[in-house]
Structures are given as structure tokens and as C-alpha cells.
Amino acid sequence: MSTESIIEVALPVPMRRTFDYKVDSLTHCAIGCRVQVPFGRRVMVGIVVAHKDTSDWPIEQVKAVETIFDDVPLWTPNIDKLLRWASQYYQHPVGEVFHHALPKRLRMGDAPDASDIEVWRLTDAGQALTIHDLGRAKKQWKLLSLLSSGPQDKGSITAAGVAKATIDALLEKQWIEQATLSDLPTQKPDSDAPPPTTEQAIAITALQRHLDGFHVTLLEGVTGSGKTRVYLDVIADVIAAGKQALILVPEIGLTPQTLARFRKHLGVHIAVIHSGLNDSERLAAWQAARTGQVSVILGTRSAIFTPMKNPGIIIIDEEHDASYKQQDGFRYHGRDLAVMRAKNEGISLILGSATPSFESFQNALSGRYHHLQLKHRATGGVMPTMNVVDMRQQTLEGPLSAPLIQTMQKHLDAGNQVLVFLNRRGFSPVLLCHECGWFAECGRCERPYTWHKNQRRLTCHHCATERPIPHQCEQCGSTQLLPVGHGTERLQEVIETQFKDFEVARIDRDSTRKKDSFSRIIADIQDGKYQILLGTQMLAKGHDFGKVSLVAMLDIDGALFSNDFRAGEKISQLLTQVSGRAGRAGQPAQVVLQTHYPEHPWVQQLMTEDYSAIAKDLLKEREQALLPPFASLVMVRAEASQDNLVRRFFESAEQIIRQHAPKDVMIMPASPCSMTKKAGKYRWQMPLLSAQRAALQRLLFQCTGLIEKTPEAPKVRWHIDVDPIETT
Ligand SMILES: Nc1ncnc2c1ncn2[C@@H]1O[C@H](COP(=O)(O)OP(=O)(O)OP(=O)(O)O)[C@@H](O)[C@H]1O
Ligand SMILES: [Zn+2]
């Protein structure tokens with residue numbers, strides 16, 4: 001009789017199942033450990049998910065485990081539970097979910113080193129330096145000022161774009177030195193911070209009272225109300241109790257400025273987890289959190305899977321932000337996983353935003369979440385006044401109306417900064433033949449190319465295809481090709497011509513492509529180097545620019561006529577967030593919105609009501625139409641290079657779903673997406689909607705396997721998106 005035992009292993013393959021393997025003994029192969037196993041002709045690293053007595057397969061076909069990597073599971077039972085739940089809820093193969101949650105080096109089979117996080121810090125000589133000692137060595141000064149707020153790990157330094165040569169130069173001069181995290185004495189938390197405002201103090205006390213178990217709080221605070229200060233005081237309490245805090249921010253909220261603010265206030269080292277880390281840095285941060293070496297972990301979406309030794313609180317800043325939803329592969333929502341994780345861990349969760357998602361807002365209104373509000377700005381300033389410019393029949397300078405130019409001039413002359421928001425990068429969205437009307441179009445997406453003048457290219461914003469700029473019309477041969485419409489690049493030219501005496505900073509994905517350019521521009525804006533800030537939504541989120549007294553919003557009209565059921569929510573969030581950059585230091589401030597549709601109900605509402613009131617109103621409409629958050633939505637999507645393959649896939653998928661669907665699930669017919677063709681693929685989708693989340697989940701559970709087995713399924717790329725945020 002064999003003494004071998006069977007284990008079930010999750011492998012990173014797109015199959016909704018696990019695989020059986022043999023081991024000599026179960027004692028050294030606990031659930032949650034990694035093993036190396038043969039799979040087909042390859043070997044793979046997998047994770048043990050179950051022990052069992054027998055396999056459903058003939059025992060001689062069950063292969064043996066080759067290597068066992070870990071003595072103890074990589075994560076706690078609570079994370080294990082979260083991942084299994086996520087695999088089921090998002091209908092995503094469990095092996096891929098498990099592997100997604102691990103740093104790459106662990107996925108490859110490396111050991112989770114217990115090695116200490118390496119940091120750089122100032123020496124005594126470094127501390128004593130002034131800017132005069134450095135002369136024109138700007139990069140060195142940058143590193144020194146970064147370290148002046150405390151030691152920084154290598155990950156944070158590389159993320160801030162400091163080159164190795166700069167580090168070496170300062171090491172040579174003995175102004176900085178290397179240390180490890182455990183060498184560092186604890187710093188004193190910042191005692192110079194101004195006291196919290198009354199509203200902040202009330203929120204802090206309320207949150208501190210709920211630190212003993214699972215609670216979700218929506219912290220709804222108007223722009224500039226000082227939500228960060230509330231988080232910091234609560235985190236300080238969590239640290240004092242010997243526990244850890246995990247804070248998630250949107251992708252672009254993680255600037256060195258944010259980090260420095262956290263470090264200064266809390267006086268502890270902070271592990272950062274974001275996409276800019278290399279594999280070793282990522283593993284080191286993950287390990288420091290897992291072993292309890294750091295008490296604060298700050299990261300973007302995927303940091304939600306970071307294990308913690310003593311979890312104390314989770315905070316999601318700007319919880320409405322779309323970057324929390326993963327849009328491909330394992331399509332999870334970081335905020336929703338945070339709710340599950342906090343529940344599993346029995347800890348508190350704070351969702352913070354000036355413009356909460358309707359999902360969270362409804363949960364707060366219905367009493368499922370605690371609802372705390374900060375209605376005033378922390379600096380005592382008032383909210384900016386709102387003004388509309390009716391664009392019909394205005395004299396224009398590019399996209400700027402005469403009244404806007406006058407207003408800008410007034411604010412600039414008063415020594416303030418002006419922020420101009422235009423959510424379209426590039427020079428012009430269309431390049432048109434003046435003689436015959438032909439325009440340059442991406443054949444793979446059937447949409448116009450955007451002209452990027454600086455890069456001397458046409459770029460498709462949907463599939464990233466690029467091509468050189470044509471010198472002649474491809475239809476009639478004319479050389480009269482004209483840019484139509486304005487992107488940020490072209491707007492920059494217009495503004496620079498109009499306002500010659502002022503410096504303009506442009507912030508969009510093109511101008512911030514280089515590694516540290518974004519944080520550098522942000523720092524220069526804060527130093528007052530620029531008077532006019534122009535950019536896309538990258539400028540809108542969470543930034544605290546004290547001197548901005550005017551915010552101008554151009555060309556938002558397209559968003560008023562979108563067929564997305566969330567259009568009203570999205571535009572109110574965007575406009576409120578962008579407006580919220582004005583008047584943050586307490587000075588009187590103004591917002592100007594240019595539109596051709598001043599009578600549009602949303603424009604009217606945005607001028608007169610605050611976000612809460614608008615949200616309540618729009619939520620009523622959602623309730624009547626039985627749309628999320630009053631119902632659960634799932635999107636089945638498929639794409640292929642031939643339209644009829646997609647059509648046939650949906651014929652059989654729809655049939656399967658209809659056969660199994662209970663009455664309380666509404667099945668809408670499959671139809672082409674609003675962008676029917678993208679990157680050469682035809683795209684269709686089929687929405688499923690139900691007020692009974694469980695019924696919808698059961699239906700998916702029954703049908704995905706059946707759909708997978710249809711002969712049409714392998715001919716298309718298809719997936720299920722649970723709680724989608726893209727719906728058009
Ligand atoms: N108690 C306080 N006393 C004085 N100033 C404060 C106080 N709390 C915060 N501030 C200042 O108020 C400004 C806004 O704070 P913060 O950036 O945290 O706002 P926020 O709520 O995150 O805003 P947003 O949602 O727009 O990002 C900052 O300049 C901050 O330094
Ligand atoms: Zn394209």
C-alpha cells in the first residue's frame with residue numbers, strides 16, 4: 001500500500017479548476033505553500049489549496065510534486081479566504097487569482113527572504129548642508145531634500161527618478177549612507193502640525209471608536225476638507241496599538257509629496273507598493289508588511305493583496321477612482337475587495353472621497369456604512385463660485401472664449417495660478433483634408449488618428465498604433481491638411497501666445513512620460529514656478545495647489561451626451577474634483593465652465609448644487625430604472641477579428657444563459673459595443689442584470705463552464721466582467 005497523499009494545486013492557467021498531485025507526506029506541504037509540479041511538458045509553480053484522501057483520477061496518472069518551496073504558508077487564512085471568494089465572485093480561474101496576488105519573484109519560486117529593507121539616509125554632514133554647498137548640482141539637491149524628511153528605501157528613491165550616479169556621488173562625499181530599516185531609530189511624529197478643525201476632530205474621534213472590529217465608514221469630505229489629516233490621526237492610533245495600516249491611493253496619487261507628508265506626520269517608515277518597483281523591491285516591501293517590519297503600507301490597487309502580520313485598518317483614498325478596477329484579466333475592484341478583506345480580518349475600513357461612488361454613497365444612505373461628513377474646507381476658505389460661459393456665438397481664441405481670457409488675465413495679474421482643464425491630449429483630435437474632407441483614420445479602430453505635433457506622429461488613442469504624418473491627402477492628393485479641434489498640446493500654443501508673460505506647465509500622459517517628470521512638475525507648481533497649469537484629468541486628482549484661484553473647464557460637452565448610464569455620476573465627479581483644485585489656501589476662487597449647452601440639466605445642477613445633492617437625485621433615477629447600485633450588473637463580452645464569429649458565439653451563449661436563468665435575472669440581447677471595432681477586433685457585449693446578486697452569481701456559476709465548452713467559444717476571446725465600470 002502506498003503512503004502517498006494527494007494535494008490539490010492551483011496553477012496559473014486559464015482553466016477554472018485545480019489539479020491533483022502526489023506528495024510523500026502532507027506534514028511538510030501545508031495549504032498556502034508553493035510547490036513545483038510538472039504540467040504538460042513544462043514545470044510550473046503552483047499553490048497548494050487542499051489536501052485530500054483520494055483523487056478522482058486513476059492514481060497512476062497523478063504525477064508527483066517535484067519541489068516544495070515553503071515550510072509555512074505564504075499568507076494568512078484571511079487572505080486565502082479573500083482570494084477564493086474573489087475567484088468565485090469575479091468568475092476568474094483560481095490559479096490565476098492566487099498568482100496575481102503574489103510578487104513576481106515568489107511566482108517564480110524564489111524564497112521570501114527575510115532580508116531587511118535597505119534605505120538611504122543623511123549623515124550628520126549631509127544634514128548640515130545648505131543649497132549653497134551644492135551650487136548647481138540640482139539632482140543631488142533633489143535627493144538630499146528627499147532624504148531630509150527621513151530615510152527612504154530604494155523603491156521610493158527610484159520611483160522619484162533619482163539615478164544611481166547621483167546616489168554614488170553623494171555616497172562619495174559621505175553626505176548619505178546606507179542603513180537597513182531595523183537600524184533606524186523611531187522618529188518623533190510631527191508635533192508642529194496645526195490642530196485638527198472641529199469637523200476633523202469629530203471624525204477622528206468617531207473613527208477611533210470603531211477601531212475594534214469590522215466597520216466600514218464613508219468619509220465624505222468636500223475638496224480641501226483635510227481628509228488626509230483625518231487618516232493620519234487615525235493611523236497614528238493604529239500604530240500606537242502595535243498594528244498595521246494599509247492605505248490605497250489611485251495610481252497617480254502616489255507622489256513623493258504624498259509620501260513625505262505621511263512620513264513626516266507619522267514618524268515611521270512606510271513601505272510603498274506600486275507599478276514602478278522592480279521585482280526585488282516589490283518583494284522586499286511585501287515581506288516587510290508580512291513580517292510586521294513596517295506598520296504603514298501605501299500602495300495602488302494591487303497592494304490590497306499585501307499580507308499583514310497585525311492588520312489594524314484599511315483606508316481607500318479617492319474611493320470613487322476608476323483606477324481601483326482592474327480592466328483586463330482578473331477584473332477585480334480594489335475597493336470591493338477591501339470591504340471583503342476588512343470583514344475577514346475583523347478590522348475597520350475607511351472609504352474617503354469628496355465625490356463618493358454611487359455604490360458607496362447608497363450604502364452610506366441606507367445605513368450599511370457609517371457616514372461621516374466634512375462640509376467645510378480645513379483652511380477656512382469657502383468653496384469657489386461657479387460660472388458658466390455660453391459658448392454660442394462667442395469670439396474665440398482657439399478653444400478659449402473672450403470672457404474666459406479676461407478672467408484668466410485678472411487672476412494672473414493678481415499673482416495667482418490658473419488651472420485650465422482639457423481632457424484630450426495631443427495637438428488635434430483630427431487631421432482633415434480641407435479640399436475633399438478625407439481624414440486620417442486608424443483602420444484597426446475606424447476612428448480618427450490624433451495628431452501629436454511634438455512627437456511628429458499620428459497616434460490612435462484606442463489601440464496606440466502610430467504612423468508618420470502624411471504630407472498629402474490620401475484621397476485627393478491635396479497638401480491642405482488641417483488640424484481640427486484642440487488637444488492639450490495645441491491649447492498650450494494658444495495660451496503661450498495669449499499670455500506671453502506667464503509660464504505654462506502642461507500635464508498629461510505625454511508630458512509626464514519620463515519616470516520622474518510628473519512629480520517634478522508637481523513640485524515646481526507648488527514652488528510657484530508656473531502660473532498657468534494646463535492638463536487632463538491627471539491634474540484633477542487630489543492635488544493640493546495652494547495658489548490656484550481660477551479653474552477653467554473646456555470642452556466637456558461630449559460627456560453630456562454619452563450613453564453610459566454612469567455618465568451623470570462621472571461628470572459630476574470630474575467637475576467637482578477639478579473645481580476643487582481652486583481656492584485651497586483659503587483665498588476667494590472661481591470656476592468657469594465653457595459649454596454650448598448651458599441649459600442642460602446637469603450643467604444647471606452643477607452650477608447650483610453640491611455633489612451630495614446631485615448624487616441623491618441621480619440615485620433616484622437609478623432606483624427607478626433598476627440599475628446599479630440597486631441591481632447587480634454583469635457584462636459578458638467577446639471579440640474576434642470576424643464579426644460573425646462573435647455573433648455566433650453569442651447565439652449559443654445566450655441560449656445557454658436563457659435556459660438556466662431564473663425569472664429575476666434580466667438578460668439583454670447581445671449587441672455591438674459603442675466602439676464596435678478596436679485594434680482590429682469586433683466587439684460585442686451582453687448585459688445581465690438582477691436585483692438578486694446571489695441569483696446572478698448562481699447563474700454565472702452554472703453557465704461559464706457550459707459556455708466554455710461550446711464549439712464557438714475557442715474562436716473568440718470572451719470574458720465575464722462582474723460589476724463593470726465600462727458599459728458602453
Ligand atoms: N487642521 C488643519 N488646519 C489647517 N490646515 C489644514 C488642516 N487640515 C488640513 N489642512 C490643509 O488643508 C488642505 C487640504 O487638505 P487635504 O489635501 O488633505 O484635503 P482633501 O480632503 O484630501 O482634499 P481633496 O479631496 O480635494 O483631495 C491642505 O493644504 C492641508 O495642509
Ligand atoms: Zn486604433
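Quick caveat, the model's predicted, so the values are computed rather than measured. All chains use their own residue numbering, which begins from 1 and follows the written sequence. Chain labels run from A onward and ligand labels from 1 onward, assigned in the order the entries are written. For this predicted model, a pLDDT threshold of at least 70 governs which residues receive local features, and a threshold of 80 or more governs which side-chain atom pairs are given and counted, while totals over whole chains, interfaces and linings are taken from all residues. Note that water and hydrogens are dropped before the side-chain values are worked out from all heavy atoms of the structure.

Asks: Now, about the overall build of the protein: what can you tell me, with residues and values included?
Replies: Across its full length, the protein holds 23 helices and 35 strands. Over its C-alpha trace the protein gives a radius of gyration of 27 Å, about what one expects of a compact globule, namely 27 Å for 728 residues. For the protein, the spread of C-alpha atoms along the principal axes amounts to about 90 × 70 × 55 Å. Any two residues whose heavy atoms approach within 4.5 Å at even a single point are treated as in contact. Looking at the protein alone, contacts between residues at least 24 apart form 76% of all its contacts between residues at least 6 apart. Where accessible areas are quoted, they stem from the Shrake-Rupley method and a 1.4 Å probe; at the residue level, only the protein chains shown are allowed to cover. Surface summary for the protein: the accessible area is close to 32600 Å², and the carbon and sulfur share equals 50%. Within this scheme the basic residues Lys and Arg register as positive and the acidic residues Asp and Glu register as negative, but His and the chain ends are omitted. Charge placement uses NZ in Lys and CZ in Arg. For Asp and Glu, CG and CD serve respectively. Each charge class in the protein can be summarised by its mean position, and for the 83 positive and 80 negative side chains these summaries are 2 Å apart. Here a helix means four or more residues in a row that DSSP labels H or I, a strand means two or more in a row labelled E, and each is numbered from the N terminus. We compute the radius of gyration from the C-alpha atoms alone; for a globule the expected value is 2.2 Å times N to the 0.38, where N is the number of residues.

Asks: Just give me the short version of the UniProt feature "binding site: Zn(2+) 2" (unreviewed entry) in the protein, but keep the residues and values in it.
Replies: Feature annotation in UniProt assigns "binding site: Zn(2+) 2" (unreviewed entry) to the following positions: Cys 442, Cys 445, Cys 460 and Cys 463. These annotated residues cover 22 residues of sequence, and their C-alpha atoms all fall within 8.8 Å of one another, placing them together at a single site. The residues contacting Cys 445, other than those within four sequence positions of it, are Cys 460, His 462, Cys 463, Met 675, Lys 677, Lys 678 and Ala 679. Assignment of secondary structure puts Cys 463 in the loop between strand 24 (457–459) and strand 25 (466–467). Relative accessible area decides the class of each residue, using a 1.4 Å probe on protein chains only: under 20% of the type maximum gives buried, over 50% gives exposed, and in between gives partly exposed. Among the residues examined, Cys 463 registers a relative accessible area of 18% and is labelled buried. UniProt positions are given in the numbering used here, feature names are shortened, and annotations may be inferred rather than shown by experiment.

Asks: Summarise the packing of helix 1 (residues 77–89) against helix 13 (residues 334–345); cite the residues concerned and give the values.
Replies: Across the interface, helix 1 lies against helix 13 with an axial gap of 9 Å and an inter-helix angle of 140 degrees. For the pair helix 1 and helix 13, the crossing hand works out as right-handed. Facing helix 1, whose interface residues are Asn 78, Ile 79, Lys 81, Leu 82, Trp 85 and Ala 86, helix 13 presents Leu 337, Met 340, Arg 341, Asn 344 and Glu 345. Residues of the contact of helix 1 with helix 13, tallied by class, amount to six nonpolar, two polar and three charged. Fitting a line to C-alpha atoms yields each axis, with helices limited to the stretch in contact; the angle taken between N-to-C directions then spans 0 to 180 degrees. Handedness of each helix crossing follows the sense of rotation of the near helix against the far helix: counterclockwise by less than a right angle gives left-handed, clockwise gives right-handed. Classification used: nonpolar for Ala, Val, Leu, Ile, Met, Phe, Trp, Tyr, Cys and Pro, charged for Asp, Glu, Lys and Arg, polar for all others including Gly.

Asks: Could you give me a rundown of helix 17 (residues 517–526), with the residues and numbers involved?
Replies: Summarising burial for helix 17: seven of the ten residues are buried, a large majority. Every buried residue belonging to helix 17 is among Ser 517, Phe 518, Ser 519, Ile 521, Ile 522, Asp 524 and Ile 525, and all of these are buried. Looking at the packing, one finds that the buried side of helix 17 touches helix 11 (256–266), strand 19 (417–421), strand 27 (504–507) and strand 28 (532–535). Trailing helix 17 by a residue or two, Gly 528 shows a phi angle of about 80 degrees, which is positive.

Asks: Residue-level account of the domain arrangement of the protein, with values.
Replies: Domain annotation of the protein identifies domain 1 (5–107), domain 2 (118–183), domain 3 (198–373), domain 4 (385–425 + 486–624), domain 5 (430–484) and domain 6 (632–722). Domain start and end points were adopted from an automatic or database domain assignment. Computed over C-alpha atoms, the centres of domain 1 and domain 3 are 30 Å apart. Counting residues at the interface gives 21 residues for domain 1, matched by 22 residues for domain 3. Buried area counts how much accessible surface, traced with a 1.4 Å probe, disappears from two parts once they are put together, with both parts' losses summed. Here domain 1 meets domain 3 over a buried area of about 2100 Å², counting both sides, of which 69% is carbon and sulfur.

Asks: Which residues make up the sheet that holds strand 5 (residues 67–68), and what values do they have?
Replies: Strand order in the open sheet formed by five strands is 2-1-4-3-5, and the pairing between neighbours is antiparallel. Bordering the open sheet on either side are strand 2 (19–23) and strand 5, each of which pairs with just one other strand. Whether two strands pair depends on DSSP finding at least two bridges between them. Where strand 1 (residues 5–10) meets strand 2, five bridges bridge the pair, whose relative direction is antiparallel. Directly across from Val 9, in strand 2, lies its bridge partner Phe 19.

Asks: Before we move on, could you go through a negative patch on the surface and cite the residues and values that matter?
Replies: On the surface, a cluster of negative charge is contributed by Glu 609, Asp 610, Asp 617 and Glu 621. Take Glu 609: it is sitting in the loop between helix 20 (601–608) and helix 21 (611–625). A residue counts toward a patch only above 30% relative accessible area and without a salt bridge, and it is joined to like-charged neighbours within 9 Å or, for Val, Leu, Ile, Met, Phe, Trp and Tyr, to nonpolar neighbours within 5 Å. Whenever a carboxyl oxygen of Asp or Glu lies within 4 Å of a side-chain nitrogen of Lys or Arg, that contact is scored as a salt bridge.

Asks: Explain the pairing of strand 27 residue by residue, including any values.
Replies: Here is the key point about a regular strand: its side chains alternate between the two faces of the sheet. Here strand 27 shows a buried face lined by Val 504 and Arg 506 and a second buried face lined by Ala 505 and Ile 507. Of the strand pairs in this sheet, strand 27 and strand 28 are connected by four bridges, and their pairing is parallel. In the sheet register, Ile 507 faces strand 28, and the bridge partner there is Gly 535.

Asks: Which residues make up the coordination of the zinc ion (ligand 2), and what values do they have?
Replies: The donor set comprises N, O and S atoms within 2.8 Å of the metal, extended to 3.2 Å for Na, K and Ca; water molecules are omitted, so apparent gaps in a site may simply reflect that omission. Protein coordination at the zinc ion (ligand 2): the donors are Cys 442 (SG), Cys 445 (SG), Cys 460 (SG) and Cys 463 (SG), at 2.3 to 2.4 Å from the metal. Any site counts as irregular unless it has four donors with all angles between 85 and 135 degrees, making it tetrahedral, or four or six donors with opposite ones more than 155 degrees apart and the rest between 65 and 115, making it square planar or octahedral. Note that the zinc ion (ligand 2) binds four donor atoms; their angles at the metal cover 105 to 115 degrees, and the shape is tetrahedral. All donors of the zinc ion (ligand 2) come from a single chain, and their spacing in sequence reads C-x2-C-x14-C-x2-C. Separated by 18 residues along the polypeptide, Cys 442 in strand 21 (residues 441–442) and Cys 460 in the loop between strand 24 and strand 25 bring together distant segments of the chain. Here Cys 442 falls in the buried class, since its relative accessible area comes to 1%.

Asks: Provide a residue-level description of the pattern of salt bridges, including the pertinent values.
Replies: Considering all chains together, one arrives at 33 salt bridges under this definition. The residue Arg 637 makes a salt bridge to Asp 721 at a minimum N-O spacing of 3.1 Å. Pair noted here: Arg 637 is in strand 31 (residues 632–640) and Asp 721 is in strand 35 (residues 717–722), with a separation of 84 residues, a long-range link. Here Arg 637 matches Asp 721 in class, with each residue buried. Overlapping salt bridges bring together Glu 8, Asp 20 and Lys 52 as one network.

Asks: Outline the side chain of Thr 18, listing residues and values.
Replies: Among the secondary structure elements, Thr 18 is positioned in the loop between strand 1 and strand 2. Only 2.7 Å separates the side chain of Thr 18 from the side chain of Glu 8, close enough to count as a polar contact. Beyond its immediate chain neighbours, meaning those up to four positions away, Thr 18 contacts Glu 8, Val 9, Ala 10, Val 49 and Val 94. Under this definition, polar contacts are N or O atom pairs within 3.5 Å; protein pairs additionally need one hydrogen-donor-capable and one acceptor-capable atom, and for neighbouring residues in sequence, both atoms have to be side-chain atoms.

Asks: For the site of ligand 1, give the residues involved together with the corresponding values.
Replies: Note on definitions. A residue lies near a molecule or strand when any single heavy atom of the residue is within 4 Å of it. Inspection of the region around ligand 1 gives 20 residues, with Pro 195, Gln 200, Lys 227, Asp 544 and Arg 584 positioned closest. Thr 228 has a polar side-chain atom sitting 3.0 Å from an oxygen atom of ligand 1. Within the complex, the protein chains bury 85% of what would otherwise be the 640 Å² of accessible surface of ligand 1. Of the residues contributing to the shell around ligand 1, the split by class is four nonpolar, nine polar and seven charged. Each of domain 3 (198–373) and domain 4 (385–425 + 486–624) accounts for three or more of the residues forming the shell around ligand 1.

Asks: Account for helix 23 (residues 693–708), with residues named and values stated.
Replies: For a helix, the expected span equals 1.5 Å multiplied by the residue count minus one. In this model, helix 23 (16 residues) spans 22 Å end to end at C-alpha, consistent with the 22 Å of a helix rising 1.5 Å per residue. Throughout, the bend at a residue refers to the angle made by two axes, fitted to the seven residues ending there and to the seven starting there. At Gln 702, helix 23 shows its maximal bend, which comes to roughly 25 degrees. Buried within helix 23 are the following residues: Ala 695, Leu 696, Gln 697, Leu 699, Leu 700, Cys 703, Thr 704 and Ile 707. For helix 23, the elements touching its buried residues are helix 1, strand 31, helix 22 (643–660), strand 32 (665–667), strand 34 (681–690) and strand 35.

Asks: How would you explain the environment of Leu 431 if you had to name every residue and give the values?
Replies: With respect to the helices and strands, the residue Leu 431 is situated in strand 20 (residues 430–433). For Leu 431 and Tyr 449, which are 18 residues apart along the polypeptide, the C-alpha to C-alpha distance reads 7.4 Å. Non-local contacts of Leu 431, meaning those with residues more than four positions away in its chain, are made with Trp 438, Phe 439, Ala 440, Tyr 449, Trp 451, Leu 458, Ile 469, Pro 470, Leu 481, Leu 482 and Pro 483.

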